[in-house]
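Overview (structure and organization)
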Amino acid sequence: MNQDKSKIVYVCSECGYKSSKWFGKCPNCGAWDSAVRIEEGVQKGTPSLINFESSTSNISIPKRMTTRMKETDRTLGGGVVPGSVILISGGPGIGKSTLAIEYASALTDYGNVYYVSGEESISQILMRVKRLGVENPRLFLSSEVNVDAVLSSVKDKPVAMVFDSIQTLYTSGMSALAGSVPQMRECTMKLIDYAKSNDTAIFIIGHITKSGSIAGPMILEHMVDGVLYLEGEPRSGRRILRSMKNRFGPTDEIAVYDMEENGMIEIPDPSKIFADIDTEDPGSTLSVIVEGSRPLMVNVQALTSVNYKNGAIRITRGFENTRLMIIAAIVSSHLGISLDNRDIYLNILGGLKTTDTAIDLAVAMAIFSSVKKLKFSPKVAFIGELGLDGRVRNVPQMQLRISEAKRMGIENIIVSNDSKYGGNGVKTLKEAILKSFGGNL
Ligand SMILES: Nc1ncnc2c1ncn2[C@@H]1O[C@H](COP(=O)(O)OP(=O)(O)OP(=O)(O)O)[C@@H](O)[C@H]1O
Ligand SMILES: [Mg+2]
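Residues numbered from 1 in each chain as written. Chains lettered and ligands numbered in written order. Predicted model: local features only at pLDDT ≥ 70, side-chain atom pairs only at ≥ 80, totals over all residues. Heavy atoms only, no water.

Describing the overall build of the chain
Selection rule: Secondary structure elements are defined from DSSP: runs of H or I of at least 4 residues count as helices, runs of E of at least 2 residues count as strands, and each element is numbered from the N terminus. Residue exposure (1.4 Å probe, protein chains only): buried if accessible area is under 20% of the type maximum, exposed if over 50%, otherwise partly exposed. Surface accessibility follows the Shrake-Rupley procedure with a 1.4 Å probe radius. Residue values consider only the protein chains on display as shielding. Charge assignment in this entry is limited to Lys and Arg as positive and Asp and Glu as negative, and neither His nor the chain termini are counted. We put the charge of a Lys on NZ, of an Arg on CZ, of an Asp on CG and of a Glu on CD.
Tallying secondary structure elements over the chain gives eleven helices and 21 strands in all. Each principal axis of the C-alpha distribution contributes one length, and for the chain these read about 80 × 50 × 50 Å. Burial status across the chain gives 51% buried among its 441 residues. Carbon and sulfur atoms make up 51% of the accessible area of the chain, which amounts to about 21100 Å² in all. Taking the average place of the 50 positive charges on the side chains of the chain and the average place of its 47 negative ones, the gap between the two points comes to 4 Å.

Okay, here's the thing in structure tokens:
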């Protein structure tokens, strides 16, 4: 016999951990007092029967829509999929609303688009719309925060909707406050349901906490089809949009923009802005990282200075600190340079952050050249991972990296001698030194 039951679960508001029992400290992320009580409905009565679709079915598959921004389309895997739900997250004031209103305006090429912002009044949204020059008779604005009111007022199957932000939305019939985990979860479920049944692409904007995760619900990331993360140095105009999750395309794709008064301007060839090709200064090297399918030439800069006090400093920007410590240890042990009394500052130029190990060799070379105050021979780049044994190891997507370096005019590309795609092959870090400083050593 079926009974109408509902189940109580407790969800951690920090990480989304779910448990049938209340917890004071989250067993997953360790947060205190983060358990939120949620009532999960259990289906009433006999479930209705469903029809399965054959995998050879020729029901029409909707075509992707373009945001009129080539780089954004590429980051999404080739454009916006109708009916998909995409979360745009990022720090305060980074440009989430700017980007979303630009997408909203571009998507009016396909039909009506609704931009719903609980964060700003209509006149404030209009100010931005006018500043960016994205006014359009098919773009409609509202500052309503009740998700049910919005969805029932929209009668024309819009091609896209933007909700700015999920933290301001609420659904009636729930006592929880807007911005609480149960509200955000319920609102997102309603939006997903609406998107799928109307083929409406929905962008949801989500604020992030200081630690970088989307405020409250990690669970949102699991529910939506795609997660885009907008990052950048707050004081510079450079912005990087990264695809962290994509059900309809590859992840880790990036698009680079400059945020200007009239909106986000795409940078079609980011290698040109992240790499200063002509640099020959000691401590400055070039490498090629790969973000998604995009190869990027980057400048790796090291500055070393003698520190006679106890404890030399290791500071990095855009690169993992522990990785720098390991590479510094490899440089000391395999090149016989003592770094114990030297501070090392390491920077990836242009505010870029990477975990690609292909720049290991460039980092080691930058440290060596800074310590020795040696200039590199011109047009040299380093692509390879470093082992603790001082060996230079091959990295994935070598062909892509080498052709990007060549395209940027690099003549001497130092790689592992295991690379099958050309370049100047070396076995060890020592050999890389000999092959890169030419007559300068
Ligand atoms: N008139 C203007 N000219 C140039 N830039 C502006 C102007 N007005 C605002 N900006 C820029 O736009 C940024 C805010 O962009 P936007 O509102 O899209 O960010 P957001 O991520 O949505 O912010 P929030 O977290 O507050 O919602 C500001 O930090 C500022 O740099
Ligand atoms: Mg905003």
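Some details on the nonpolar core
What counts here: Residues enter a nonpolar core if they are buried and are Ala, Val, Leu, Ile, Met, Phe, Trp, Tyr or Cys, with the set joined through side-chain atoms within 4.5 Å. As annotated, the domain borders come from an automatic or database domain assignment. For this analysis, residues touch if any pair of their heavy atoms sits within 4.5 Å.
In this structure, V331, L361, V363, M365, I367 and L429 are the most contacted members of the largest nonpolar core, which totals 45 residues. Counting only elements with at least two residues in this core, the list comes to β11 (254–260), β14 (294–306), α8 (321–335), β16 (342–348), α9 (360–372), β17 (380–382) and α11 (429–436). The dominant element in this core, judged by the number of residues it contributes, is α9, at nine residues. Structurally, this core is a two-domain feature, drawing no fewer than three residues from each of domain 2 (70–268) and domain 3 (272–440). Excluding its chain neighbours within four sequence positions, the residues that come into contact with V363 are V300, F319, L324, I327 and L346. Among the nonpolar cores identified, the runner-up in size contains 32 residues, and M69, V113, I125 and V159 belong to it.

Notes on the domain arrangement of the chain
Under the convention used in this document: The term buried area refers to how much accessible surface (probe radius 1.4 Å) is lost by two components on association, counted for both of them together. Take a side-chain nitrogen of Lys or Arg and a carboxyl oxygen of Asp or Glu: if they are within 4 Å of each other, that pair is a salt bridge. Polar contacts here mean pairs of N or O atoms no more than 3.5 Å apart (in protein, one a potential hydrogen donor and the other a potential acceptor; neighbouring residues in sequence count only if both atoms are side-chain atoms). Here the nonpolar group is Ala, Val, Leu, Ile, Met, Phe, Trp, Tyr, Cys and Pro; Asp, Glu, Lys and Arg are the charged ones; every other residue, Gly included, is treated as polar.
If you check the domain split of the chain, you get domain 1 (6–41), domain 2 (70–268) and domain 3 (272–440). On a C-alpha basis, the centres of domain 2 and domain 3 stand 38 Å from each other. Buried area between domain 2 and domain 3, summed over both chains or domains, comes out near 1000 Å², and the portion from carbon and sulfur atoms is 50%. Across the contact surface, domain 2 and domain 3 share two salt bridges. Where E71 meets R294, a salt bridge forms, and the shortest distance between an N and an O atom there is 2.6 Å. Between domain 2 and domain 3 we count three residue pairs in polar contact (both at pLDDT 80 or more) in total. For the side of domain 2 that touches domain 3, the elements supplying multiple residues, two or more each, are α1 (70–75), β10 (238–246) and β11. Ranked by residue count, the leading element in the side of domain 2 that touches domain 3 is β10, at three residues. Of the residues assigned to the side of domain 2 that touches domain 3, the class counts are five nonpolar, one polar and eight charged.

A closer look at the site of ligand 1
The condition is simple: For this description, a residue counts as near a given molecule or strand if any of its non-hydrogen atoms is within 4 Å of it.
As a structural note, the neighbourhood of ligand 1 is formed by 14 residues, with G95, K96, S97, T98 and R128 the closest of them. Within the contact set of ligand 1, an oxygen atom lies 2.7 Å away from a side-chain nitrogen or oxygen of R128. Here ligand 1, which alone exposes 650 Å², has 61% of that area covered by the protein. Going through the elements one at a time, α2 (96–106) and α3 (122–132) are the ones with two or more residues in the shell around ligand 1. Considering each element in turn, the shell around ligand 1 owes the most residues, three residues, to α2. Here the residues of the shell around ligand 1 sort into three nonpolar, six polar and five charged.

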